[in-house]
Amino acid sequence: MMAAGAEAPDSWYLALLGFAEHFRTSSPPKIRLCVHCLQAVFQFKPPQRVEARTHLQLGSVLYHHTKNSELARTHLEKAVRARVQVAQFEDVKFEAASLLSELYCQQNLVDSAKPLLRKAIQISQQTPYWHCRLLFQLAQLHTLEKDLVSACDLLGVGAEYARVVGSEYTRALFLLSKGMLLLMERKLQEVHPLLTLCGQIVETWQGNPIQKESLRVFFLVLQVTHYLDAGQVKSVKPCLKQLQQCIQTISTLHDDEILPSNSADLFHWLPKEHMCVLVYLVSVFLSLLDCSPILSSFQVILLEHIIMCRLVTGHKATALQEISQVCQLCQQSPRLFSNHAAQLHTLLGLYCISVNCMDNAEAQFTTALRLTSHQELWTFIVTNLASVYIREGNRHQELYSLLERINPDQNFPVRSCVSNTLNNMVVPAMQLASKIPDMSVQLWSSALLKDLNKACGNSMDAHEAAQMHQNFSQQLLQDHIAACSLPEHNLISWTEGPPPVQIQAQNGPTTSLASLL
């Protein structure tokens, strides 16, 4: 009987964990049931180490899969405060501190995140992986606050700690990260000796081939940036060739799943797929330093696609500033403007829709239709112009005339249909929207979910959907106000002739190499 009683806690604990993981990884995830299983652990009055880990698991699930940030915060704070004496369970406190600091930052409680990370760093010196990770995290937090001096100091501390624990790989990561910040501050005299040391470490370190090549890519990208900042353009091309050779080498290597013997080496700078993209972007950026008409056209095409992504993800102010960049490029070349005028007015029309300036949107799309002979672009413009007529609500004749131009043989009856299948359509739409962050779709989906759950008597789900709708509304409203207050907003009235001369916003986006890093 005693033996059976001793085994029981492990049995129920493992069973509840198994159920929780099953519900979490279901398709779609059943987060509420997962949370119920984890909460049930506390009913058995588990040992303190199990209680602490369960608080961490609950906090992590709630943080990553729900909007209930307050409850997530409560569980993570309990995990951080837990008095776990067993050494191998110290990682619970460090992981909880790391996650809780992220949550604090999301809630604009940066002053709470900093001391939390500092304390975790102070007590984690016997755990190399977490000590290094927490140093990186606090340095990143200082960087986001533009406190690059403090960030550089922390990265220096991390480099020395990595040297002491025998991790030359992670030492190089700390030093290269510090070099990146020094480049951002344009402290060229400090960058040169640091990059020289990094180059020596990278060349002499013998370890995982992919990690070695990733260090080399990091180093060479910084070297290219340093040469450009110092005006040594001729020195860039050899580095660029080495970068391209590194990518070719990386693409032939297979990921080594054997864990390093030193836990401080458990870091990756970038996935190799991302490194390939980075080197491509660096190559494109260096090419754009030339004044070739072909490259200018390529830059405009890139900006056009970036702008559409900005509008979809609810970053209207940034999109408008990038539209202004396209205008400036087109001002420099009449031929470039001739080739991209229709696209430029189309982008302005899309922006006008996003800020609810429907008269201006109609004028922009009408201008774009007049300037284009490209069939796919014409269809895209007509479709968006039709959406303007639909949103205005009293433009039925113009709408039907427009739709007949797309397909004269097609009739477009207007129908209104509500059925029980609508709740089954909205939920998948919301899940898809969360993966493809279209802010408008998320806003509309959350509004539908709120109304449907309210009608069905699901008060908790209706409240959650209402909170989501409120959050999306606030984000869109803040971005709307920011966009409309920019001087570039006056572009929505431009429909004739070449682009007007625009004043570059002081905090406008740039295409510098530092922004790619």
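For clarity, every value in this text was computed on a predicted model and none was experimentally measured. (Residues numbered from 1 in each chain as written. Predicted model: local features only at pLDDT ≥ 70, side-chain atom pairs only at ≥ 80, totals over all residues. Heavy atoms only, no water.)

## Comments concerning the overall build of the protein
Then step 1. Assigned secondary structure in the protein consists of 23 helices and zero strands.
Then step 2. Counting all 517 residues of the protein, 43% fall into the buried class.
Then step 3. Carbon together with sulfur atoms contributes 55% to the accessible area of the protein, which is approximately 28,600 Å² in total. (Helix = DSSP H or I, 4+ residues; strand = E, 2+ residues; numbered from the N terminus. Buried < 20%, exposed > 50% of the residue type's maximum accessible area, 1.4 Å probe, protein only. Areas by Shrake-Rupley, 256 points an atom, 1.4 Å probe, with all protein chains shown as cover.)

## A few points about helix α15 (residues 316-331)
Then step 1. In this model α15 runs 23 Å from its N-terminal to its C-terminal C-alpha over 16 residues, within 8% of the 22 Å that 1.5 Å per residue would give.
Then step 2. The buried fraction of α15 is high, at 13 of 16 residues. (Expected span 1.5 Å × (residues − 1).)

## Things to note about the confidence of the model for the protein
Then step 1. For the protein, per-residue confidence averages 82 on the pLDDT scale, and residues scoring 70 or more make up 84% of the total.
Then step 2. The least confident element of the protein is helix α23 (residues 513-516), whose mean pLDDT is 30; the most confident is helix α8 (residues 148-164), at 96.
Then step 3. Low pLDDT, under 50, characterises residues 503-517; the stretch is placed with 31 contacts to residues that sit more than four places away or in other chains. (pLDDT = per-residue confidence, 0-100. Contact = heavy atoms within 4.5 Å.)

## So, the pattern of salt bridges
Then step 1. For the coordinates displayed, the defined rule picks out 16 salt bridges.
Then step 2. With a shortest N-O distance of 2.7 Å, E21 and R24 are connected by a salt bridge. Of the two residues, E21 and R24 are both situated in helix α1 (residues 2-24); the distance of three residues between them amounts to about one turn of the helix.
Then step 3. Given the relative accessible area of 37%, E21 is considered partly exposed.
Then step 4. A salt bridge links R186 to D229; its shortest N-O distance comes to 3.4 Å. Of the two residues, R186 sits in the loop between α9 (168-184) and α10 (188-204) while D229 sits in helix α11 (residues 209-229), which places them 43 residues apart along the sequence.
Then step 5. Here the salt bridges share partners, and the residues they tie into one network are E362, E392, R395 and E398. (Salt bridge = Lys/Arg side-chain N within 4 Å of Asp/Glu carboxyl O.)

## Digging into a nonpolar patch on the surface
Then step 1. On the surface, V277, Y280 and L281 cluster together into a nonpolar patch covering about 270 Å² of accessible area.
Then step 2. With respect to the helices, strands and loops of the structure, V277 is situated in helix α13 (residues 272-287). (Patch = residues over 30% accessible without salt bridge, like charges linked within 9 Å, V, L, I, M, F, W, Y side chains within 5 Å.)

## Concerning the environment of L491
Then step 1. Mapped onto the fold, L491 is located in the loop between α22 (459-484) and α23.
Then step 2. Relative accessible area serves as the criterion here: at 0%, L491 is assigned to the buried category.
Then step 3. Placed 143 residues apart in sequence, L491 and L348 show a C-alpha to C-alpha distance of 7.6 Å.

## Focus: the nonpolar core
Then step 1. Grouped together as the largest cluster of nonpolar side chains are 87 residues, with contacts concentrated most on L215, V217, L243 and V282.
Then step 2. Sorting elements by how many residues they give to this core places α9 first, with 10 residues.
Then step 3. If we ignore the near neighbours within four places in the chain, the residues touching L243 are V217, L220, V221, V224, V279 and V282.
Then step 4. Formed by 46 residues, the second largest nonpolar core is a distinct cluster that contains L385, V388, Y389 and L403. (Core = buried A, V, L, I, M, F, W, Y, C linked by side-chain atoms within 4.5 Å.)

## Looking at the packing of helix α4 (residues 69-81) against helix α5 (residues 90-106)
Then step 1. As a packed pair, α4 and α5 sit with axes 9 Å apart at the nearest point and diverge in direction by 145°. In the packing of α4 onto α5, the handedness of the crossing is left-handed. Facing α4, whose interface residues are S69, A72, R73, L76, E77, A79 and V80, α5 presents K93, A96, A97, L99, L100, L103 and Y104.
Then step 2. Across the contact of α4 with α5, the residue classes tally to 10 nonpolar, one polar and three charged. (Axes fitted to C-alpha atoms, helices over the stretch in contact; angles between N-to-C directions. Left-handed = near helix turned anticlockwise from the far one by under 90°. Nonpolar A, V, L, I, M, F, W, Y, C, P; charged D, E, K, R; others polar.)

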